[in-house]
Amino acid sequence: MARYRKLSEYLRERYKSRVQKIPIYAGFTCPNRLKGEPCIYCDSTGSGFSTLMNLSIRDQILTWKDRFKKKYKNVKFIAYFQAFSNTFASMDVLRRKYEEALVDDEIVALDISTRPDLLQEEILDLLESFKSRVDVFLDIGLQTVNYKTLKILKRHHTLAEFIDGVSRAKRRGFEVTTHVIANLPWDDLEDVIETAKVISALGIDGVKVHSLYVVKGTELGNMYERGEVSIGSLEEYVQRVVTFLEYLDPSIVIHRLVADPPKTGILFGNWGVSKLEIINAIEKELEDRDTYQGKKFDYLNR
Ligand code: SF4
């Protein structure tokens, strides 16, 4: 029995085939970076280190499609605008870049990753205009509901902006996925539980659970090198993720259970073990505790 709702199965059900996300660097930046105050963990690629950033959007997509089609038969694609804040430009620029990603009808969806405070109504209008051609998903960063931790992270938004952005996106029928970091050193288990509860209460559709990694040259990297931050054990991470899943609405799709750190410039990443080992450890803990996603989802009046 699957103990959590896996993305691959959800996509296969929905599109009747394998679906691959294509990570895109679209040349955007982010207001935090312009202010000279990026999130303390943000690397110089704005999490876009796996993108083919020297190519045009169209060529990035065609190159990835070629690679995946050599590996898989019957595969469809999601154009995932991943790096930096992908709603941070004029309407004309945004329209042109999103349009460029629709290279053919094997692209079944646009997935736009952005900050909760960059979802003004005119941006939602623009995104809505693409819905007649492809599905449109929104990836809205959060990391934690603990507003004190959000301040330490220098997110430059609070929980309120997140609730506002998600609520307005949901009212228009967008599918929303959010990102959380389960092992933030400033959060405890109660924060992790509260994050699961708020995400569930907001009716969010998908979650990406990340492990905190530390990149050299970031503010977090400097703090780590000065010994000001210590990251909990892998065992603790596994416990936190399993508890997070227990409190999460069982209908929420789990896009990931652990981060995928960059290959270079890393000071700390995934305790030196592979992603697969961590996923296996989480799945084993779910079995050992005989628990599953949503086991403790009994706190909303529904
Ligand atoms: S919002 Fe994203 S792109 Fe901007 S500084 Fe934070 S992590 Fe980097």
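The shown structure was predicted, so the numbers you read here are calculated from the model rather than taken from an experiment.

*Asks:* Would you mind going over the overall build of the chain with me for this structure?
*Replies:* Looking only at helices and strands, one finds eleven helices and nine strands in the chain. For 302 residues, the compact-globule estimate of 2.2 N^0.38 gives 19 Å, and the chain sits close to it at 19 Å. Projected onto its principal axes, the C-alpha coordinates of the chain cover approximately 45 × 45 × 40 Å. Burial status across the chain gives 41% buried among its 302 residues. Restricting to contacts in the chain with at least 6 residues of sequence separation, those with at least 24 account for 85%.

*Asks:* It is not clear to me how the site of the ligand should be interpreted in this structure. Could you clarify?
*Replies:* Around the ligand sit eleven residues in total, of which Cys30, Asn32, Pro38, Cys39 and Cys42 are the nearest. Across the shell around the ligand, the residue classes tally to five nonpolar, four polar and two charged.

*Asks:* What exactly am I supposed to notice about the packing of helix H10 (residues 234-247) against helix H11 (residues 275-288) here?
*Replies:* In a pair of packed helices, the angle between the axes and the distance between the axes together describe the arrangement. Where H10 contacts H11, the two axes come as close as 9 Å, and the packing angle between them is 55°. Comparing the axis directions of H10 and H11 gives the class oblique. Our pair here, H10 against H11, has a crossing hand that is right-handed. Contacts between H10 and H11 involve Leu234, Val238, Val241 and Val242 from the first element and Ile278, Ala281, Ile282, Glu285 and Leu286 from the second.

*Asks:* Would you take a moment to explain the nonpolar core for this structure?
*Replies:* A general trend in soluble globular proteins is that nonpolar side chains are found buried together. Counting residues in each nonpolar core, the largest one holds 75 residues, and the members touching the most others are Ile24, Ala79, Val241 and Phe244. Broken down by element, this core gets its largest block of residues, seven residues, from H10. Not counting residues within four places of it along the chain, the set of residues in contact with Ala79 comprises Ile22, Ile24, Ile61, Ala101, Ile107, Leu110 and Asp111.

*Asks:* Can you walk me through helix H7 (residues 159-171) in this structure?
*Replies:* Helical geometry note: an α-helix holds 3.6 residues per turn, so side chains three or four residues apart project in the same direction. End to end, H7 covers 18 Å across 13 residues, agreeing with the expected 18 Å (1.5 Å per residue, within 8%). Every buried residue of H7 is accounted for by Phe162, Gly165, Val166 and Ala169. The buried side chains of H7 occupy one side of the element, clustering within an arc of 95° when seen end-on. The outward face of H7, more than 90 degrees from its buried face, is lined by the exposed residues Ala160, Ser167 and Arg171.

*Asks:* Could you clarify how one ought to interpret the sheet that holds strand E1 (residues 18-24) in this entry?
*Replies:* Working definition: the strands of a sheet are paired by backbone hydrogen bonds and lie parallel or antiparallel to each other. Here seven strands make up an open sheet; going across it, the order is E1-E2-E3-E4-E5-E6-E8 and the pairing parallel. Two strands lie at the open edges of the sheet, namely E1 and strand E8 (253-256), each paired on one side alone. On average, adjacent strands in this sheet sit at an angle of 25° to one another, irrespective of strand direction. Relative to strand E5 (residues 175-181), strand E4 (residues 135-143) runs parallel, the two being bridged by six bridges. Opposite Ile140, over in E5, you have Thr178 as the bridge partner.

*Asks:* I keep staring at the environment of Val93 and nothing clicks. Help me out?
*Replies:* Secondary-structure assignment places Val93 in helix H4 (residues 91-101). Exposure remark for Val93: the 13 C-beta atoms within 10 Å place this residue in the partly exposed category. Linking Val93 and Ala259, residues 166 residues apart in sequence, is a C-alpha distance of 30 Å.

Reading the values: the criteria
- Residues numbered from 1 in each chain as written.
- Predicted model: local features only at pLDDT ≥ 70, side-chain atom pairs only at ≥ 80, totals over all residues.
- Helix = DSSP H or I, 4+ residues; strand = E, 2+ residues; numbered from the N terminus.
- Rg over C-alpha atoms; globule rule 2.2 N^0.38 Å.
- Buried ≥ 20, exposed ≤ 12 C-beta atoms within 10 Å, placed from the backbone.
- Contact = placed C-beta atoms within 7 Å.
- Near = placed C-beta within 6 Å.
- Nonpolar A, V, L, I, M, F, W, Y, C, P; charged D, E, K, R; others polar.
- Axes fitted to C-alpha atoms, helices over the stretch in contact; angles between N-to-C directions.
- Parallel < 35°, antiparallel > 145°, perpendicular 65-115°, else oblique.
- Left-handed = near helix turned anticlockwise from the far one by under 90°.
- Core = buried A, V, L, I, M, F, W, Y, C linked by C-beta atoms within 7 Å.
- Expected span 1.5 Å × (residues − 1).
- Arc of directions from axis to C-beta.
- Pairing = 2+ DSSP bridges.

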